[in-house]
Amino acid sequence: MEYRRLGRSGVRVSEVVLGSWLTFGSSVEEDGTRACVKAALDAGIQSFDTADVYAGGKAEEVLGSALAGLPRKDLVLASKVFWPMGSGPNDRGLSRKHVTESCDASLRRLRVDYLDVYQCHRFDADVPLEETVRAMEDLVRAGKVLYWGTSVWTGAQVTEGLRLARAANGYGPVVNQPEYSLLERAIEAEVLPACRREGVGQWVFSPLAQGVLTGKYSGGRRGPGTRAADERRGRFLEPWMTKETLARVDKFVSLAREAGLEPARLALAWCLAQDGVDAVVVGATRPEQVVANAAASGTPVGPDLARALDRLFPP
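Keep in mind it's a predicted model, so treat the numbers as computed, not measured.

Novice: Would you mind going over the packing of helix α7 (residues 243–258) against helix α8 (residues 263–272) in detail, with residue names and values included?
Specialist: Between two packed helices, both the angle of their axes relative to each other and the distance between the axes serve to describe the pair. The geometry of α7 relative to α8 is characterised by a closest axis approach of 9 Å and an angle of 90° between their N-to-C directions. One finds that α7 runs roughly perpendicular with respect to α8. For the pair α7 and α8, contact is made by Phe252, Val253, Ala256 and Arg257 and by Pro263, Leu266 and Ala267, respectively. In the contact of α7 with α8, the residues fall into 6 nonpolar, no polar and 1 charged.

Rendered as structure tokens:
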């Protein structure tokens, strides 16, 4: 496993981060979570990403249980805040009240005293950005959060958040978490250039396009136990389950195997080769998937292969 600095910060994260969206606490029970976490640690993955809303807090609980007893200094642990965690009017968003209370709740569920990274899960247009920025900076000053960041913010939003933080003599966001893959390259137009300019790194989610880029859905197959076969979890990959997209993925699978690589490994390695991307966040339901995904770290993507991928999946 190789490690990179996260944005302009000094902290180093594993190039492959184990995430927990749609897996831990929901489709993966506690024993399965422990097995995936052990496989990650054995592979050199020391960075873990979760959020309060994942499985209604259960993802944080089972991840905290799986990590309990390990040296805290050896882990980079991240969570997020924004989505509703209750029915009350202040149980959502990025107000100072919700951010502060949600951070405390996440710390309890994860069984830790601080988060390495705390991210605003979405932009909140209903709360003054200055209030959100000051709330995050206060968590840093209180020692509950070491670094803070954003998720699915535009480049302009990240830039303005950083400006407000600097005006308040604060640190500002060091990382953004967008969706990014060979099939979803929208951040290349505005988000990546703005964040590179400001020193804000990216650790990207859905780098395998919900598993589509592994080739397992070739021809529209929805085998038992796959995400596509699950009506609730599979709704996020529906935009890619078209005949045209799956035909392109079939060509990608052939291209990967001609290069001597598994499709998932090439898809992750391509993300890691893009300027400004510090890490890929991957989910897993089995330890074998963790091991396979970890192998993407340090995998080179030569210029000829990169050009072929650009032709197949134009920016």
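Novice: I'd like to hear about the pattern of salt bridges, residue by residue, with values.
Specialist: In the structure shown here, the tally under the stated rule is 21 salt bridges. For Glu288, the salt bridge goes to Arg286, with nearest N and O atoms at 3.2 Å. The shortest N-O distance in the salt bridge between Asp304 and Arg307 comes to 2.4 Å. In this pair, Asp304 and Arg307 are both assigned in helix α10 (residues 303–312), 3 residues apart and thus about one turn of the helix distant. Here Arg307 falls in the partly exposed class, since its relative accessible area comes to 45%. Because the salt bridges share partners, they merge into one network encompassing Arg96, Asp138 and Arg141.

Novice: So, the side chain of Arg185: which residues are in play, and what are the values?
Specialist: Looking at where Arg185 falls in the secondary structure, it is placed in the loop between β8 (175–177) and α6 (191–198). In this structure the side chain of Arg185 is engaged in a polar contact, spanning 2.8 Å, whose partner is the side chain of Asp310. Filtering out sequence-adjacent residues up to four positions away, Arg185 remains in contact with Tyr180, Trp270, Asp310, Phe313, Pro314 and Pro315.

Novice: Give a detailed account of helix α5 (residues 155–167), specifying residues and quantitative values.
Specialist: Two residues of an α-helix separated by three or four positions point the same way, owing to the 3.6 residues in each turn. End to end, α5 covers 18 Å across 13 residues, agreeing with the expected 18 Å (1.5 Å per residue, within 8%). If you check which residues of α5 are buried, you get Gly155, Val158, Gly161, Leu162, Leu164 and Ala165. Buried-residue contacts for α5 involve α4 (129–141), β7 (145–151), β8 and α6. Once α5 finishes, Asn169 follows within two positions and takes phi at roughly 60°, a positive value.

Conventions adopted
Residues numbered from 1 in each chain as written. Predicted model: local features only at pLDDT ≥ 70, side-chain atom pairs only at ≥ 80, totals over all residues. Heavy atoms only, no water. Axes fitted to C-alpha atoms, helices over the stretch in contact; angles between N-to-C directions. Helix = DSSP H or I, 4+ residues; strand = E, 2+ residues; numbered from the N terminus. Parallel < 35°, antiparallel > 145°, perpendicular 65-115°, else oblique. Contact = heavy atoms within 4.5 Å. Nonpolar A, V, L, I, M, F, W, Y, C, P; charged D, E, K, R; others polar. Salt bridge = Lys/Arg side-chain N within 4 Å of Asp/Glu carboxyl O. Buried < 20%, exposed > 50% of the residue type's maximum accessible area, 1.4 Å probe, protein only. Polar contact = N/O pair within 3.5 Å; in protein donor to acceptor, adjacent residues only side chain to side chain. Expected span 1.5 Å × (residues − 1).

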